[in-house]
Amino acid sequence: MAPSDDTDTYVAPTQARASVRYLHVSPYKVRPVLDLVRGLAAEDAERVLQLTERSAAGDVLKLLEAALANAENNNQLPADELFVAECYCDEGATRPAGRARARGRSFRIRKRTSHITIVLERFDEDELEARRRRSEDTGTGRGATQRRRSERVRASRRSTAPAHVHDHDHDHEHDHDEAVGADEIVPEDITETPVDEHDVDVESGAAVEAEGDTEAAAATEADAPAADEENESN
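Residues numbered from 1 in each chain as written. Predicted model: local features only at pLDDT ≥ 70, side-chain atom pairs only at ≥ 80, totals over all residues. Heavy atoms only, no water.

1. Section: the sheet that holds strand β5 (residues 114-122)
Pairing in this open sheet of three strands is antiparallel, and the strands run β1-β5-β2 from one edge to the other. In the strand order of this sheet, the two ends are held by β1 (15-23) and β2 (82-91), each with one partner. Averaged over all adjacent pairs, the angle separating strand axes in this sheet is 10°, with direction ignored. Pairing of β2 with β5, which is carried by nine bridges, proceeds in the antiparallel orientation. What sits directly across from Val84, in β5, is Leu120. Each of β2 and β5 touches helix α1 (residues 27-37); the most contacted strand, β2, lies at about 165° to it. Along the sheet, helix α3 (residues 57-73) contacts β1, β2 and β5; its crossing angle with β1, the most-contacted strand, is approximately 145°. (Pairing = 2+ DSSP bridges. Helix = DSSP H or I, 4+ residues; strand = E, 2+ residues; numbered from the N terminus. Axes fitted to C-alpha atoms, helices over the stretch in contact; angles between N-to-C directions. Contact = heavy atoms within 4.5 Å.)

As structure tokens, this is what we get:
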């Protein structure tokens, strides 16, 4: 048989999926969570599920991470080029259970299960180009996030570094300038301590009083002989 001229061309897969069966969660609790992430980018869907407070959000998040791992490891699809194309929940088998009640009765309980499936698909080339352009304009994406984080780390290190730490050459020049400046220092003029006017007035008043006492003493000595003569004549 002659070999065929037709050669099969390899087409890279553009989808990846992950599913879980018989999950012990009721479908009516899972479906509202799936509605939140349907059609979102894979990274955005992860953030939404991390912030969702519903009880089924944790299980859906684990399933989404499994789908991303399948896409990266099996199909070589980067996570930042994927979005949630399909996500649905089917009802699984119901396991009957009972709870004891009064008077020997039993209350029936239905244990619901779910089959969840998430399908990730790669954006088309036009959409990828538009997303790259938006990420460059707005500074979003993994690369931009890492750059902003590194810039914040460098800024924090500069702010926490001691102010007196400089280069060796700068320290040497600074010490040289200080040595030259020390020789050129001119001492300031020493001024006399001002004398308070009140002190001057007090001192002058004391001097005047001392002069008055001296004159009074001299007058008393001059009058003393005249008084002695009057006493003798009497």
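2. Overview of a positive patch on the surface
Residues Arg95, Arg99, Arg101, Arg103, Arg105 and Lys111 make up a contiguous surface patch of positive charge. Assignment of secondary structure puts Arg101 in the loop between β3 (95-100) and β4 (106-111). (Patch = residues over 30% accessible without salt bridge, like charges linked within 9 Å, V, L, I, M, F, W, Y side chains within 5 Å. Areas by Shrake-Rupley, 256 points an atom, 1.4 Å probe, with all protein chains shown as cover. Salt bridge = Lys/Arg side-chain N within 4 Å of Asp/Glu carboxyl O. Lys, Arg positive; Asp, Glu negative; His and termini not counted. Charge placed at Lys NZ, Arg CZ, Asp CG, Glu CD.)

3. Points about the nonpolar core
By size, the foremost hydrophobic cluster in this structure holds 29 residues, and its most contacted members are Val30, Ile118 and Leu120. For this core, the secondary structure elements donating two or more residues are β1, α1, α2 (42-51), α3, β2 and β5. Broken down by element, the residue count for this core peaks at eight residues, all from α3. Those residues in contact with Leu120, other than ones at most four positions away along the chain, are Thr14, Gln15, Ala16, Leu64, Ala67, Leu68, Leu82, Phe83, Val84 and Ala85. (Core = buried A, V, L, I, M, F, W, Y, C linked by side-chain atoms within 4.5 Å. Buried < 20%, exposed > 50% of the residue type's maximum accessible area, 1.4 Å probe, protein only.)

4. Description of unusual backbone geometry
The phi torsion at Tyr22 lies on the positive side, around 55°, for a residue other than glycine. Along the chain, the position of Tyr22 falls in strand β1. In this structure Tyr22 comes out as partly exposed when scored by relative accessible area, which is 47%. The backbone of Arg103 sits at a positive phi, close to 60°, despite the residue not being glycine. With respect to the secondary-structure elements, Arg103 resides in the loop between β3 and β4.

5. Digging into the environment of Cys89
By secondary structure assignment, the location of Cys89 is in strand β2. Exposure remark for Cys89: the relative accessible area of 6% places this residue in the buried category. Separated by 62 residues in sequence, Cys89 and Pro27 have C-alpha atoms that sit 6.4 Å apart. The contact partners of Cys89, leaving out residues within four places of it in the chain, are Pro27, Val30, Arg31, Leu34, Ser114, His115 and Ile116.

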